[in-house]
Amino acid sequence: MRQEFSLPQGSSNREAFAKASSFLEDCGVLEPQNNARLLLMHVLGLEGAAYYMAQPEPFPAELITAFTDAVNRKGRGEPAQYIIGQQEFYGLLFQVTPSVLIPRPETELLVEAMMKHGDELWPGGAPRAIDIGTGSGAIAVTLKVQRPSWDVAASDISSEALEVAALNAAANGAAVTFREGDLLAPFAGERFDILVSNPPYIPAGDIAGLQREVREHEPRTALDGGPDGLAPYRIMMAQLDLLAAPPALVGFELGQGQAQDVAELLRQAGHWDLIEIVPDLAGIERHVLGIQTNVTKL
Ligand code: GLN
């Protein structure tokens with residue numbers, strides 16, 4: 001069995017980094033040096049030049065437990081974001097716990113696409129937007145911060161996730177309404193102009209093949225999209241009937257190879273005359289948008 005990480009009293013910060021790096025490497029952690037540095041900076045509360053200046057100094061005895069705990073958690077494959085408790089998204093800081101998916105950089109492009117089309121469809125207006133399956137609240141909170149005139153609401157099936165999302169909304173000064181429930185269900189009878197969602201989309205059978213950080217530590221509810229990964233999109237298309245009217249702008253995030261299928265689901269729903277597929281920075285078709293180009297101005 002693998003040994004636990006320990007750090008002798010009197011080690012320097014440089015030694016703490018070196019020992020943690022080689023321990024994480026032995027554990028098979030990817031990027032052991034980056035992870036060791038990130039955890040050490042977090043525990044010491046130092047960044048940039050201050051962190052490098054402190055290299056020769058003795059590692060503070062009162063922080064040994066915090067650092068060894070952090071390194072041991074990382075050694076067991078936990079994402080560094082859960083250990084340090086935060087992730088940046090669109091320049092904002094989000095608290096993350098194992099109850100929420102860690103926000104990913106490609107989702108920033110979905111937020112940007114919604115703002116761009118929202119601005120075009122409702123110039124100077126105040127559209128009503130919903131973020132379905134909000135998780136940490138990354139999409140909803142960012143939209144509200146970037147577009148304060150928009151009315152933003154969000155749902156999640158997990159009450160634990162909603163607690164995290166509400167904390168993130170408060171910490172970022174974003175007045176977002178949160179509802180607990182399955183996808184669109186909590187908004188039955190209401191009217192929205194914009195629907196955005198990054199739902200779980202991994203085919204259930206593919207989860208076992210994901211990297212350990214994701215497979216063993218991120219919430220399965222946020223990953224598992226049913227047999228072919230498309231169940232949440234189908235359900236949302238069916239649930240549109242619950243709303244007072246279909247939103248004029250919809251935007252979905254999806255996984256590799258799913259764009260054509262999701263675009264087809266939108267076409268079949270028949271509410272949007274323009275269906276757009278947006279690639280991410282790696283060139284993967286990552287987002288599908290549906291747009292009613294002749295929308296009534298607000
Ligand atoms: N909407 C959240 C995000 O984009 C959560 C996504 C999810 O849990 N599938 O980060």
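Cut-off values and rules
- Residues numbered from 1 in each chain as written.
- Predicted model: local features only at pLDDT ≥ 70, side-chain atom pairs only at ≥ 80, totals over all residues.
- Heavy atoms only, no water.
- Phe/Tyr/Trp six-rings, centres within 6.5 Å; stacked < 30°, edge-to-face > 60°.
- Helix = DSSP H or I, 4+ residues; strand = E, 2+ residues; numbered from the N terminus.
- Buried < 20%, exposed > 50% of the residue type's maximum accessible area, 1.4 Å probe, protein only.
- Near = heavy atom within 4 Å.
- Polar contact = N/O pair within 3.5 Å; in protein donor to acceptor, adjacent residues only side chain to side chain.
- Areas by Shrake-Rupley, 256 points an atom, 1.4 Å probe, with all protein chains shown as cover.
- 1 Å grid on protein atoms, 1.4 Å probe; cavity = no way out; pocket = protein on both sides within 12 Å on 5 of 7 lines; lining within 4 Å.
- Sits in = over half its atoms within 2 Å of the grid points.
- Nonpolar A, V, L, I, M, F, W, Y, C, P; charged D, E, K, R; others polar.

J.: Is there a simple way to think about the packing of aromatic side chains in this case?
T.: Ring pairs (aromatic) are described by centroid distance and by the angle formed between their planes. In total, this model carries seven aromatic pairs according to the counting rule given. Relative to Phe-67, the ring of Phe-5 has its centre 5.9 Å away and its plane inclined at 85°; by these criteria the two rings are edge-to-face. Of this pair, Phe-5 sits in the segment before α1 (13–26) while Phe-67 sits in helix α4 (residues 64–75); the two residues are 62 residues apart in sequence, bridging distant segments of the chain. Taking relative accessible area as the criterion, Phe-67 reaches 0% and is therefore assigned buried. Geometrically, the ring pair formed by Phe-89 and Phe-94 is edge-to-face, given 6.1 Å between the ring centres and 85° between the ring planes. For Phe-94, a relative accessible area of 1% corresponds to the buried category.

J.: What exactly am I supposed to notice about the site of the ligand here?
T.: Residues in contact with the ligand, as listed here, are Leu-101, Pro-103, Thr-107, Gly-133, Thr-134, Ile-139, Asn-198, Pro-199, Pro-200 and Ala-222. Backbone polar atom of Gly-133 to a nitrogen atom of the ligand: 3.0 Å apart, as the coordinates give it. Alone, the ligand offers 300 Å² of accessible surface; in the complex the protein occludes 96% of this. Using a 2 Å cut-off from the grid points, one finds that the ligand occupies the second largest pocket. Among the residues forming the shell around the ligand, the class breakdown is six nonpolar, four polar and no charged.

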